[in-house]
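A closer look at the structure
Each chain, written out:
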Amino acid sequence: FYIDPIDVDTLLQGLILGCKTPKREGLQGSTLSPRQSEIAGLFAHGMSTSRIAKKLGLQSSTISTVKSTIYSKLKVDNIVELSEVIKAGKVLGMN
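Residues numbered from 1 in each chain as written. Predicted model: local features only at pLDDT ≥ 70, side-chain atom pairs only at ≥ 80, totals over all residues. Heavy atoms only, no water.

Brief notes about the overall build of the protein
Scanning the protein from terminus to terminus reveals five helices and zero strands. For the protein, buried positions account for 37% of its 95 residues. In the protein, the proportion of contacts linking residues at least 24 apart, taken out of those at least 6 apart, comes to 58%. Accessible surface for the protein amounts to roughly 5,600 Å². Of this, 51% is attributable to carbon and sulfur atoms. (Helix = DSSP H or I, 4+ residues; strand = E, 2+ residues; numbered from the N terminus. Buried < 20%, exposed > 50% of the residue type's maximum accessible area, 1.4 Å probe, protein only. Contact = heavy atoms within 4.5 Å. Areas by Shrake-Rupley, 256 points an atom, 1.4 Å probe, with all protein chains shown as cover.)

What follows is the structure in structure tokens.
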């Protein structure tokens, strides 16, 4: 399975502005905090939970909790869906 590369700067800019995906019921107006946006960008760029935790000086369990919150807010179930939502331009500011 191949996922096209994502420009991290564009990704983070869009995530900081919030996420809105009309095709995903109940997501309108859902936004990510700056920290959630940063972590979502790192996951979408292929980093593991443990690597993100080490990079940010946090516990892996904290990153796992934030990841669950991101998935819930964006109505996705895995990293592939997260990347697809971002790539499809369903993140505000990423036209």
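Examining the pattern of salt bridges
Within this structure, the stated rule accounts for one salt bridge. The salt bridge involving Glu38 is made with Arg35; its shortest N-O contact spans 2.9 Å. Of this pair, Glu38 and Arg35 both sit in helix α2 (residues 34-44), separated by three residues, roughly a single helical turn. What makes Arg35 partly exposed here is its relative accessible area of 37%. (Salt bridge = Lys/Arg side-chain N within 4 Å of Asp/Glu carboxyl O.)

Thoughts on unusual backbone geometry
The backbone of Lys75 sits at a positive phi, close to 55°, despite the residue not being glycine. Checked against the element boundaries, Lys75 lands in the loop between α4 (60-74) and α5 (79-87). Judged by relative accessible area, which is 41%, Lys75 ranks as partly exposed.

Considering the side chain of Gln36
Tracing the backbone through its elements, the reader meets Gln36 in helix α2. Those residues in contact with Gln36 that lie beyond four places of it in its chain are Thr31, Val66, Thr69, Ile70 and Lys73.

Structural notes on α4
Across its 15 residues, α4 extends 21 Å between first and last C-alpha, which sits within 8% of the 21 Å expected from 1.5 Å per residue. Taken as a whole, α4 has its buried residues at Ile63, Val66, Ile70, Tyr71 and Leu74. The buried residues of α4 occupy one face: seen down the axis, they fall within an arc of 140°. Exposed and facing more than 90 degrees away from the buried side of α4 are Ser61 and Thr65. (Expected span 1.5 Å × (residues − 1). Arc of directions from axis to C-beta.)

Some details on the environment of Lys55
Within the element layout of this structure, Lys55 appears in helix α3 (residues 49-56). Overall, Lys55 belongs to the exposed group, its relative accessible area being 54%. Not counting chain neighbours up to four residues away, the residues in contact with Lys55 comprise Leu42 and Met47.

Considering the nonpolar core
In this structure, Ile39, Ile52, Ile63, Ile70 and Leu82 are the most contacted members of the largest nonpolar core, which totals 17 residues. At the level of elements, α2, α3, α4 and α5 are the ones that each hand at least two residues to this core. It is α4 that contributes the most residues to this core, five residues altogether. Once residues within four sequence positions are removed from consideration, Ile52 is found in contact with Ile39, Leu42, Phe43, Met47 and Ile63. (Core = buried A, V, L, I, M, F, W, Y, C linked by side-chain atoms within 4.5 Å.)

Remember that the coordinates give geometry; whether it matters functionally is a separate question.
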